[in-house]
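Observations on the model geometry
Spelled out from the first residue to the last, the chains are:
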Amino acid sequence: PGVVLMISFTQDKSSYAWEGYFYAVLLLVVALLQSLVLQQFVRRCFVLGMKVRAALMAAVYKKALVMSNDNRKESTVGETVNLMSADAQRFNDVTNFIHLLWSCPLQIIVSVVFLWLELGPSTLAGVAVMLLMVPVNGLLANQAKKIQRENMKSKDKRLKIMNEILNGIKVTLKLFAWEPSFQTQVEDIRGEELKVMRKFAYLTSFSTFISNCAPTLVSLATFAVFVGVSSDNILTAEKAFTSISLFNILRQPLSMLPTLIASIVQTAVSKKRLEKFLGGDDLESDIVRHDSTTVFFTLLLPLFPSVSLDIKPGGLVAVVGAVGSGKSSLLSALLGEMHRTKGFINIQGSFAFVPQQAWIQNATLRDNILFGSPYEEQRFEDILEACALGPDLKLLSAGDLTEIGEKGINLSGGQKQRVSLARAAYSQADIFLLDDPLSAVDSHVGKHLFDKVIGPNGLLKDKTRILVTHGVSFLPCVDEVVVLVNGRVSEVGSYQSLRASKGAFSEFLDTYGTEQKDFISDSEDDQSDVSLADDVSLMLRRENSIRRSQRGNRSRFDPTVQKLRKAVSPLYIFSLYQTVKFSVWLQYVQAMGWGYAFWALFIYVMQNVAFIGQNLWLSDWTNDAVEYYNQTYSPKKRDTRVGVFGALGMAQGLFVFLGTLLLTNAAVNASRLLHSRLLNNVLRVPMVFFDTTPLGRILNRFAKDIFTIDEVIPHLFSSWIIHLLGIVGTIVFLCLSTPLFIIVIIPLAVIYFFVQRFYIPTSRQLRRLESVARSPIYSHFGETMSGLSVIRAYNHQERFMKHNEVTIDENLKTIYSRIMSNRWLAVRLQFLGNLVVFFAAVFAVISRNSIDSGLVGLSISYALNVTLTLSFVVNITSQLETNIVAVERVSEYAELENEAPWVTQDWPSEKWPEAGRLQFVDYKVRYRPELDLVLKGISCDISDTEKIGIVGRTGAGKSSLTNCLFRIIEAADGRILIDDVDISKIGLHDLRNRLTIIPQDPVLFSGTLRMNLDPFDKFSDEELWRVLELSHLKDYVAGLKEELQHEVAEGGENLSVGQRQLLCLARALLRKSRILILDEATAAVDLETDDLIQTTIRKEFSHCTVLTIAHRLHSIMDSSRVMVLDAGKIVEFDSPSNLMEKQGHFYSMAKDAGITHESETSF
């Protein structure tokens, strides 16, 4: 109505000037009131959304803690994290706009009523057109939903593979030179994803076209009907511009509704996913009873068939059996983690649990051991001492306060296991479940741990202990031995009685018979005990030596640096004013393609020209009302007016359609290019990068940043261009119609510029802080999921929930600040917009004699439009600047320095290495340029088909030696020759394809068994079956429903550790190379499997050069020579028998392992 008053005022030349000014002020006041109320409303909505998200995240976390294992198998950790991140966010977004559900219809009704008053029944024509748009939009939204679903599927698939690639890159991909196979897998999935994105792009362009034509069609229909119904109806300026203002008001709720509906639909999908997750089965809480009547526990569990056991309190029970006989499952059952078909478990007291693969939290070493218990210095020291952690602490930069990275990255395997044991010992539980804690440590450390912690004289001597073990040497010291065969308890009894009974157990012992009597005599004889303690501390001092301590103690874990960081945070403010580099924008546009970008821009400019043209035509049309006052209006003229008006409107829609089409296509191009660059490069980065960068950070580039480039940036980019041009067009028009306006535009523009320069960096920084505060939530969640059994065993669910709440709260602080900063901006920008309207009105009053009423109406209704668009542009600019950072981050990783080329000009002959002769020539190596040497000048000559054992304390450089053979780390000096070829001269893949390694941790990928053995499909099925037979897996695989096509779960979860190890053996057998490296491949395997592996290797690799890095000296007593490493140098290198006679390093190690001259001959 304000507009109407202004127009009638300019038309009526007799009215007083004050009336005009009064109307102008009235417009301003109303607009200001509207702004303030609106901002208050928006703030409340956003805060509500934030609360909803927090509640959902907490619920998902809480559920994850009580989920049953069957339920856990259904969703991978990644999918569950997705529920927390993506799905909770959807709820947040929909809550922000939920009120539009009723306010949109209300706005529509009010506008229609006002239009009726202006134009009478012909309004219905416009409304009818609008209603027709609804089903069309609905159809489009449905299509979009389908496409979106497909897209999410490929995204999940791609991230799953990426996650596995990153997890396996250290151990498997690089060593086996398998990167190309996985790269093509990812590229294929990505191709599917881009196809779907293209479809989505066409769909969006079409729906943009429709929504852009809508206002034109609506006003066209209304005006055409209005003018056509009777010749009395003349379109006056008041009528036309009031209607256009009202139609513009209508436009917003109408364009918002489809978005809102789509958003609600997406949320409904998320709701289903959340319901499925939250409604899944919980662990049965009644499996484990805590009756005080019985003090032992009975376990009737159809683990496989059935198990019954009574264990007396205070006893030490050993559980032995072959791989896959259900030892770990037995412990899971005791913890109530298995699915029970019948029976029950009765337990008196609380649990402590040491899992087979140690679970370490990303916290300080002390927190890892205390695990939520209060710190008591003396007890803590005693436990560190007993678990042989004292010497390790001296090597860590901050002692027990050293921060440990994700998954315990800066600890060696043995240290992780000892920390895990220390945690159990500190917990003062009543029952200790120890799942093979001694396999990951060297034999003398194992002995120390048994004596000091687990054994009859250890710290835990009064507690009930159930020890799953592969080490025969400890069995004489336990109270009871439980023998499992295929999930049944075959025998229970003391070591002596079982030995006598000649059952399965004594066979088991006879096979692995070097019964180490001296182990027992040793501990009774004090003098050797003293030397042992020294030995342990010496060995541990080195254990952590060079590599691990340096790899781990990067500054990010160092508390002093942490403190510094906190102190420095005020300096952060300086970085606020750095804008995103212009080069990043250029990079993105370049990735899109210059041709695309130019044409898209040109078409958008044309669209704007059409828009202004249409409105000028309209203002000219309204002047007919004055001209033809009281005259008949010729139908021909009327038709021209209506026709041109419609044509210009349609042209706008068409231009927008073409522009959006070009832009979205360009964006898909950019996505393709940036992702393949990133993937290509990350797979070619040297290992050091993976050692020093948390995997989450790399994965985030593939997840969040690529998502941003795929979906967020293109959308923002196109709307940014459209709205920016819209504002420019409006201002140009205002200055043309009322030249006085230029005077005001300049100061307003300056204010506007400053407001946005102040706001954008702040908002960008707030977003950064928000994402920094977001990652701890997810990493804590991922950690919880992987350590679920431990947390449940210790009964610490409450504490972890509290921690989760704290991390979520930290995140909410930053979100709230961001919401408020947005409101701050909106209030200021709306004020500016309102001033534009005010001045447009005032100038209309001043120059009312020189200006026609059509233009007045036009300029005011334009000015009203600017308000909305202004705040829109700033918001979009800020979002674009925030999001374009993704391009920067992706290209940062796409430009990392690569390792040596995979294939070079001088490639070795097809048959190389024919003999398999190895020479090290004064070889030196360091992990990173700034660190000390790890191998300090190694020279040796290994002739073909020799079998070499490599031994040494942990950290002596054994694993570094294999890393050098594969050039995982490049030489600092010296060289390695294989069959007289210098390996540093050939391509990495040429080298790695010709060597074979059976790595320490068996890594499998999700996919078929076939793909895990032969990712390049080079071998026939017969060959695969042959190696499976040799690696003793044939019966197992043949018994599976899909045989070679059997799906392996993420990380090989559905195979036992021993089976995974055998699969790795099968991989090695397939490659048939002349040089085989065994990296402690027998650490996680029981004696039987160990025996299988050893025999196979002896037989199948007899013509090869074999290097074995051994933990257990038994396995290398039959080598042709043994290399003893110490602190990066070779100290002894001779045949085992000669070394035993020399009574040097090797002799002392053998003595600790309980090997003496006599027993050695039995090999």
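Residues numbered from 1 in each chain as written. Predicted model: local features only at pLDDT ≥ 70, side-chain atom pairs only at ≥ 80, totals over all residues. Heavy atoms only, no water.

In this structure the tally under the stated criterion is 31 salt bridges. A salt bridge links K63 to D282; the shortest N-O distance between them is 2.4 Å. One end of the pair, K63, is in helix α2 (residues 17–66); the other, D282, is in the loop between α8 (237–278) and β1 (288–289), and 219 residues separate them in sequence. Taking the shortest distance from any N to any O, the salt bridge between R1010 and D1021 comes out at 2.2 Å. Placement of R1010 in helix α32 (residues 1009–1013) and of D1021 in helix α33 (residues 1021–1030) is noted, with a sequence separation of 11 residues between them. Assessed through its relative accessible area of 13%, R1010 is described here as buried. Under the relative-accessibility criterion, D1021 is labelled partly exposed at 37%. A single network of salt bridges, built from pairs that share partners, joins K155, R158, R190, E193, D710 and E711. (Salt bridge = Lys/Arg side-chain N within 4 Å of Asp/Glu carboxyl O. Helix = DSSP H or I, 4+ residues; strand = E, 2+ residues; numbered from the N terminus. Buried < 20%, exposed > 50% of the residue type's maximum accessible area, 1.4 Å probe, protein only.)

On to the confidence of the model for the protein. Mean pLDDT over the protein stands at 78; residues scoring 70 or higher make up 86%. Below pLDDT 50 for its whole length, residues 293–304 participates in 53 contacts with residues either more than four positions away or in separate chains. Predicted confidence is poor over residues 1158–1163, with pLDDT under 50, and the contacts of this stretch with residues over four places away or in other chains come to 8 contacts. (pLDDT = per-residue confidence, 0-100. Contact = heavy atoms within 4.5 Å.)

A regular strand carries its side chains on alternate faces of the sheet. Burial of strand β5 (residues 431–435) is extensive: 5 of the 5 residues sit out of reach of the surface. Of the strand pairs in this sheet, strand β4 (residues 351–354) and β5 are connected by 4 bridges, and their pairing is parallel. When the sheet's bridge partners are listed, F353 is paired in β5 with L433. Tracing the backbone out of β5, into helix α14 (residues 443–454) and back to the parallel element strand β6 (residues 464–468) gives a crossover that is right-handed. (Pairing = 2+ DSSP bridges. Right-handed = clockwise from strand over helix to strand, strands pointing away.)

Before going further, it helps to examine the packing of aromatic side chains. Enumeration according to the criterion identifies 24 aromatic pairs in this entry. Residues F176 and W178 carry aromatic rings whose centres are separated by 5.2 Å and whose planes lie at 35 degrees to one another, so their mutual orientation is tilted. For the pair shown, F176 and W178 are each scored as buried. On the basis of an interplanar angle of 70 degrees and a centroid distance of 5.4 Å, the ring pair of F598 and W599 is categorised as edge-to-face. The class for W599 is partly exposed, based on a relative accessible area of 47%. Through a chain of ring-to-ring contacts, the aromatic side chains of W359, F371, Y794 and F800 assemble into a single cluster. Across from the ring centre of Y375, 3.9 Å away, lies the NZ or CZ of R366, which sits over that ring. (Phe/Tyr/Trp six-rings, centres within 6.5 Å; stacked < 30°, edge-to-face > 60°. Lys NZ or Arg CZ within 6 Å of the ring centre and 35° of its normal.)

Let us look at the nonpolar core. Ranked by internal contacts, the top residues of the largest apolar core, which has 101 residues, are L433 and F505. Looking at which element gives the most residues to this core, the answer is α2, with 9 residues. For L433, the contacting residues outside a window of four places in its chain are L331, L334, L335, F351, A352, F353, V354 and I466. (Core = buried A, V, L, I, M, F, W, Y, C linked by side-chain atoms within 4.5 Å.)

With mixed pairing, 6 strands are arranged side by side in an open sheet as β4-β5-β6-β2-β7-β8. Where the open sheet ends on each side, the last strands, each with one partner, are β4 and β8 (488–493). On average, each strand axis in the sheet is inclined to that of its neighbour by 15 degrees, with strand direction left out of account. One ladder, built from 5 bridges, connects β5 with β6; its direction is parallel. Its bridge partner lying in β6, D435 is registered against V468. Strand contacts of helix α9 (residues 327–334): β2 (316–321), β4, β5, β6 and β7 (480–485), with the helix running at about 150 degrees to β5, the strand carrying the most contacts. (Axes fitted to C-alpha atoms, helices over the stretch in contact; angles between N-to-C directions.)

Spatial ordering of the open sheet is given by β10-β9-β12-β13, a layout of 4 strands whose pairing is antiparallel. The strands lining the two open edges of the sheet, one partner per strand, are β10 (933–942) and β13 (981–982). Alignment of strand β9 (residues 918–926) against β10, held across 7 bridges, turns out to be antiparallel. Bridging across to β10, F920 finds its partner in C940.

With that settled, consider helix α21 (residues 582–592). Looking only at α21, the buried set comprises V584, W585, Y588, V589, A591 and M592. Each buried residue of α21 lies within a common arc of 160 degrees when the element is viewed along its axis, so the set occupies one face. (Arc of directions from axis to C-beta.)

Before going further, it helps to spend a moment on the packing of α21 against helix α25 (residues 695–737). Packing of α21 against α25 brings their axes to within 13 Å, and their N-to-C directions diverge by 100 degrees. One finds that α21 runs roughly perpendicular with respect to α25. Where α21 abuts α25, its residues W585, Y588, V589 and M592 lie against I709, I713, P714 and F717. Residues that form the contact of α21 with α25 fall into these classes: 8 nonpolar, no polar and no charged. (Parallel < 35°, antiparallel > 145°, perpendicular 65-115°, else oblique. Nonpolar A, V, L, I, M, F, W, Y, C, P; charged D, E, K, R; others polar.)

Taken together, the side chains of E377, E381, D382 and E385 present a region of like negative charge at the surface. Residue classification places E377 among the exposed residues on the basis of a relative accessible area of 52%. (Patch = residues over 30% accessible without salt bridge, like charges linked within 9 Å, V, L, I, M, F, W, Y side chains within 5 Å. Areas by Shrake-Rupley, 256 points an atom, 1.4 Å probe, with all protein chains shown as cover. Lys, Arg positive; Asp, Glu negative; His and termini not counted. Charge placed at Lys NZ, Arg CZ, Asp CG, Glu CD.)

Within the secondary structure, S154 sits in helix α6 (residues 123–176). Here S154 falls in the buried class, since its relative accessible area comes to 10%. In contact with S154, not counting residues within four places along its chain, are I189 and E193.

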